[in-house]
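Residues per chain are reported as follows:
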Amino acid sequence: MGQLNAGIIPVTPFQQNCTILFDQDDKIGVVVDPGGDVERILAMLKDNAITATAIWITHGHIDHAGGAMELKEALGVDIIGPREDDRPLLANLENQAKRFGINDHVRNCLPDRFLVEGETVSFGEHLFEVLHCPGHAPGHVVFYHRAAKFAHVGDVLFRGSIGRTDLPGGDHAALIRSIKEKLLPLGDDIGFLCGHGPGGGFGEERRTNPFLV
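Fair warning: this is a prediction, and the values are worked out from it, not measured in the lab. (Residues numbered from 1 in each chain as written. Predicted model: local features only at pLDDT ≥ 70, side-chain atom pairs only at ≥ 80, totals over all residues. Heavy atoms only, no water.)

Okay, the overall build of the protein next. Per the secondary structure count, the protein includes seven helices and 13 strands. Taking 213 residues into account, the globule formula puts the C-alpha radius of gyration at 17 Å, and the protein, at 16 Å, falls close to it. For the protein, the C-alpha atoms occupy an extent of roughly 45 × 45 × 30 Å along the three principal directions. Pairs at least 24 apart in sequence give 58% of the contacts found in the protein among residues at least 6 apart. Of the roughly 9,100 Å² of accessible surface on the protein, a fraction of 51% belongs to carbon and sulfur atoms. (Helix = DSSP H or I, 4+ residues; strand = E, 2+ residues; numbered from the N terminus. Rg over C-alpha atoms; globule rule 2.2 N^0.38 Å. Contact = heavy atoms within 4.5 Å. Areas by Shrake-Rupley, 256 points an atom, 1.4 Å probe, with all protein chains shown as cover.)

Okay, here's the thing in structure tokens:
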């Protein structure tokens, strides 16, 4: 198994971190949360000779899933995740786009496979555990690579902040529970990437994040 690597493409006016997770050696990987700007995502895959075998979705908001169907057709791969609680959000992406004045190829999304807590997803020899972490969105999932001490947390946790909970299906108390009961117990040495802005480490957030201390 080669080293797990990641490339980030900020997409859409929301500057969402579309993430390409891939193996450094064989360049096999997945695209996480293609919210839009699909041409740029495809260009990064081509320019770095990365073969994406699936699209993983952390949750059903437009900036994370708005480009998923277009990318699925371009790559011929399955869309996996989030949990089925976010089905209504994914079925309403086109209306979300109209509300935000975004009309750039956004289409409602129907994943090929929804996920539940305790499942695993993988590419090559890289195995990720699925954690259900509601609060920002009801069906939000986190992808945790135990061997690499790494988690992709979507919009659950940010460096110095947490996901917003004022959107439909948001629940502040549930989000705090997700972080304190699902993520932080994984250990202070876990590094993370998130849906917006720079990533960080669980230990630093446990000690300094004003929403958690």
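Now that the structure has been shown, we can carry on.
Bringing helix α1 (residues 38-47) into the picture now. Considered for burial, the residues of α1 that qualify are V38, I41 and L45. One face of α1 carries all of its buried residues, which in axial projection span an arc of 60 degrees. Exposed side chains of α1 directed beyond 90 degrees from the buried face belong to K46 and D47. Where α1 is buried, its residues contact β1 (4-11), β2 (16-23), β3 (28-32), β4 (51-56) and α3 (68-75). With its phi angle positive at about 55 degrees, A49 sits one or two positions after the end of α1. (Buried < 20%, exposed > 50% of the residue type's maximum accessible area, 1.4 Å probe, protein only. Arc of directions from axis to C-beta.)

A few words on the state of the cysteines. Applying the stated criterion across every chain yields a total of zero disulfides. With no disulfide of its own, C18 lies closest to C109 among cysteine sulfurs, the gap being 13 Å. Judged by relative accessible area, C18 falls into the buried class, the value being 0%. We note that C133 lacks a disulfide partner, and the nearest cysteine sulfur, in C194, lies 14 Å from it. (Disulfide = S-S within 2.5 Å.)

Below, the discussion takes up the nonpolar core. Core analysis: the biggest nonpolar cluster contains 27 residues, and I20, V31, I41, I79, L93 and C109 have the highest contact counts within it. Among the secondary structure elements, those contributing two or more residues to this core are β1, β2, α1, β4, α2 (62-65), α3 and α5 (93-100). In this structure I20 touches N5, A6, G7, I9, V30, V31, I41, M44, L45 and I50, once residues within four positions along its chain are discounted. Grouped together as the second largest cluster of nonpolar side chains are 20 residues, Y144, V156, L184 and F192 included. (Core = buried A, V, L, I, M, F, W, Y, C linked by side-chain atoms within 4.5 Å.)

Looking now at the sheet that holds β2. What the five strands build is an open sheet, ordered β1-β2-β3-β4-β5; its pairing is mixed. Pairing within the sheet leaves two strands with one partner each, and these edge strands are β1 and β5 (78-80). Strand-to-strand twist of the sheet, defined as the mean angle between neighbouring strand axes without regard to direction, takes the value 30 degrees. As defined by bridge partners, β2 adjoins β3 across four bridges and the pair is classed as antiparallel. Its bridge partner lying in β3, F22 is registered against G29. Against the sheet, α1 contacts β1, β2, β3 and β4, and its axis sits at roughly 150 degrees relative to β1. (Pairing = 2+ DSSP bridges. Axes fitted to C-alpha atoms, helices over the stretch in contact; angles between N-to-C directions.)

Interaxial distance between α1 and α3 falls to 10 Å at its minimum, and their mutual angle equals 40 degrees. In terms of orientation, α1 and α3 fall into the oblique class. For the element pair α1 and α3, the recorded crossing hand is right-handed. Only E70, L71, A74 and L75 of α3 make contact with α1, whose side of the interface consists of V38, E39, I41, L42 and L45. (Parallel < 35°, antiparallel > 145°, perpendicular 65-115°, else oblique. Left-handed = near helix turned anticlockwise from the far one by under 90°.)

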